[in-house]
2 protein chains.
Amino acid sequence: MSKTKKQLVFEAAAELFMEKGYLAASMREIAKKVGLEQASSLYNHLKSKEEVLIKICLENAERFINGIAAVEQTSSTPIEKLKALIHLHISIATEDRTSVTVFNDEWRHLSEPHLNDFLTKRKDYENRFKKIIESGIASGDFKAVDPTIALYTILTSIRWIHYWYKPGRSQSVVDLERDVFVLLVEGLKN
Amino acid sequence: MSKTKKQLVFEAAAELFMEKGYLAASMREIAKKVGLEQASSLYNHLKSKEEVLIKICLENAERFINGIAAVEQTSSTPIEKLKALIHLHISIATEDRTSVTVFNDEWRHLSEPHLNDFLTKRKDYENRFKKIIESGIASGDFKAVDPTIALYTILTSIRWIHYWYKPGRSQSVVDLERDVFVLLVEGLKN
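Residues numbered from 1 in each chain as written. Chains lettered and ligands numbered in written order. Predicted model: local features only at pLDDT ≥ 70, side-chain atom pairs only at ≥ 80, totals over all residues. Heavy atoms only, no water.

A look at the relation of the copies chain A and chain B
Okay, so step 1: With an RMSD of 0.0 Å, chain A superimposes on chain B once it is rotated by 180° and translated 0.0 Å along the axis. Put plainly, the chains are arranged around a two-fold axis. Taking the C-alpha atom as reference, chain A places Gly187 of chain A closest to the rotation axis, 1.9 Å from it.
Okay, so step 2: An overlap of 100% is found between the interface residues of chain A and their copies at the interface of chain B, pointing to a shared contact surface. (Least-squares fit on C-alpha atoms with pLDDT ≥ 70 in both. Contact = heavy atoms within 4.5 Å.)

Topic: the side chain of Ser99 of chain A
Okay, so step 1: Mapped onto the elements of the fold, Ser99 of chain A is located in helix H6 (residues 97–106).
Okay, so step 2: Ignoring any residue separated from it by four or fewer positions in sequence, one finds Ser99 of chain A in contact with Ile56, Asn60 and Arg63 of chain A. (Helix = DSSP H or I, 4+ residues; strand = E, 2+ residues; numbered from the N terminus.)

Here we look at the nonpolar core
Soluble, globular proteins show a tendency: their nonpolar side chains are buried together.
Okay, so step 1: With 132 residues, the main nonpolar core has Phe129 of chain A together with Phe129 of chain B as its most contacted residues.
Okay, so step 2: Apart from the residues lying within four places of it in its own chain, the contact partners of Phe129 of chain A are Ile68, Leu82, Leu85, His89, Leu151, Ile154, Leu155 and Ile158 of chain A. (Core = buried A, V, L, I, M, F, W, Y, C linked by side-chain atoms within 4.5 Å. Buried < 20%, exposed > 50% of the residue type's maximum accessible area, 1.4 Å probe, protein only.)

Focus on the domain arrangement of chain A
Residue and element names in this part refer to chain A.
Okay, so step 1: Splitting chain A by domain gives domain 1 (1–46) and domain 2 (49–188).
Okay, so step 2: One C-alpha centre belongs to domain 1, the other to domain 2; they are set 28 Å apart.
Okay, so step 3: Contact residues are listed per partner, giving 14 residues for domain 1 and 13 residues for domain 2.
Okay, so step 4: Summed over both sides, the interface between domain 1 and domain 2 buries roughly 1,300 Å², with carbon and sulfur atoms accounting for 73% of that surface.
Okay, so step 5: For domain 1, the biggest contributors to the area lost against domain 2 are Phe10, Met18 and Tyr22; these three give 50% of the whole.
Okay, so step 6: Where domain 1 packs against domain 2, one counts 1 salt bridge.
Okay, so step 7: Taken together, the links from domain 1 to domain 2 amount to 5 residue pairs in polar contact (both at pLDDT 80 or more).
Okay, so step 8: Of all the secondary structure elements, the ones that give two or more residues to the side of domain 1 that touches domain 2 are helix H1 (5–20) and helix H2 (27–33).
Okay, so step 9: Looking at which element gives the most residues to the side of domain 1 that touches domain 2, the answer is H1, with 7 residues. (Domains from an automatic or database assignment. Buried area = accessible area lost by both parts, 1.4 Å probe. Salt bridge = Lys/Arg side-chain N within 4 Å of Asp/Glu carboxyl O. Polar contact = N/O pair within 3.5 Å; in protein donor to acceptor, adjacent residues only side chain to side chain.)

Describing the pattern of salt bridges
Residue and element names in this part refer to chain A.
Okay, so step 1: The tally for this structure, following the rule as stated, stands at 30 salt bridges over all chains.
Okay, so step 2: Its salt-bridge partner being Glu19, residue Lys33 comes within 3.0 Å of it at the nearest N-O pair. In this pair, Lys33 sits in helix H2 while Glu19 sits in helix H1, placing the two residues 14 residues apart along the sequence.
Okay, so step 3: The class of Lys33 is partly exposed, set by a relative accessible area of 34%.

Side note on the environment of Ala39 of chain B
Residue and element names in this part refer to chain B.
Okay, so step 1: Looking at where Ala39 falls in the secondary structure, it is placed in helix H3 (residues 39–42).
Okay, so step 2: Here the alpha-carbon distance between Ala39 and Met27, two residues 12 residues apart in the chain, equals 6.5 Å.
Okay, so step 3: Setting aside residues up to four positions removed in sequence, Ala39 forms contacts with Arg28 and Ala31.

A word on helix H8 (residues 147–159) of chain B
All names here are of chain B.
Okay, so step 1: Helix length check: H8 (13 residues) gives 17 Å between terminal C-alpha atoms against 18 Å at 1.5 Å per residue, within 8%.
Okay, so step 2: Of all 13 residues that make up H8, 12 are buried, and the element is covered over most of its length.
Okay, so step 3: For H8, the complete set of buried residues consists of Thr148, Ile149, Ala150, Leu151, Tyr152, Thr153, Ile154, Leu155, Thr156, Ser157, Ile158 and Arg159.
Okay, so step 4: The N-cap residue of H8 is Asp146: its side-chain oxygen and the backbone nitrogen of Thr148 are 2.9 Å apart. (Expected span 1.5 Å × (residues − 1).)

Observations concerning the packing of aromatic side chains
Residue and element names in this part refer to chain A.
Okay, so step 1: Taken as a whole and assessed by the stated rule, the structure comprises 19 aromatic pairs over all chains.
Okay, so step 2: Summarising the aromatic geometry, the rings of Phe17 and Tyr22 are spaced 4.9 Å apart at their centres and angled 80° between planes, so their arrangement reads as edge-to-face. Across this residue pair, the class does not change: Phe17 and Tyr22 are buried.
Okay, so step 3: Ring geometry for Phe64 against Tyr125: centres 5.6 Å apart, planes inclined by 65°, an arrangement best described as edge-to-face. Separated by 61 residues along the polypeptide, Phe64 in helix H4 (residues 49–73) and Tyr125 in helix H7 (residues 114–139) bring together distant segments of the chain. (Phe/Tyr/Trp six-rings, centres within 6.5 Å; stacked < 30°, edge-to-face > 60°.)

See the structure below:
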């Protein structure tokens, strides 16, 4: 199925946000990127650039929430659950780099009530990630580290993979995942 | 020795950059923060807000370069060198949070030739950090991971500690360092 004009407009806007940042991107440039001569024709497809930002931020927040919900429902060990969460971040970061970049770098520019909605989802995700770490500490699978320190040491690293890892370079996604498991999971194992 | 007016102006500007971002901060607000009624009096102490950004970015780049140079000169094992680098990041992030936040978040706004100078220093630091990882892999102290993946997995995590760790919370800096060693060094050990 070919993409609708609306989809193309949203993709162009997302790319522009990634290239120059949300604040610096203008409706005029979005129009130019999709070949609309007049910025005014763009308004048939897009009310404001924030519409794109809201869609990206909330859709990605949902992807992470749905991903962690699926992990929680398995009967895997805490080690396997942690690996599944790292896999979730690596998959999303490598399969949809534009969207993850905008999501991670630009959510601060959401207006209310979207910002509050986003922050609530983000906090919920972090709390559930921390619960998985805590359950591994409680079961003796993980060392007795501080769960908050473990959460953010791991999460910071995997949240920003898109900053330095570009698919198609010398390291494959398989290499990436294998080595990140070594670096972020092996040390925690009891 | 009490601080000079110029030092107070620089500190106020740095705090303002941290609070609202470099782009959004104005000379008028810097003046207000140090109690100068007229923005024009500020120009006796500060030519432009970029003067502060340049100072912060280059001073911090120097701190990291000097820190890694000191580590390189020791005869420690690669494991001890890696721990010393993590200690360097944690020390700077916890002792001078304002400056590290501006350094990490706002360097993109440097103009040339400062941006190029900064990026050269940053790349030099990353290359030297990677060499320490490579030497540990070569000596068999570290597992045979990809050095680039190891570099950025570790560096991303420790570069952004100031984002989530606030000194004075329930975790002490000693706890932080101990657990970050477990999380980022133990897995790499062979």
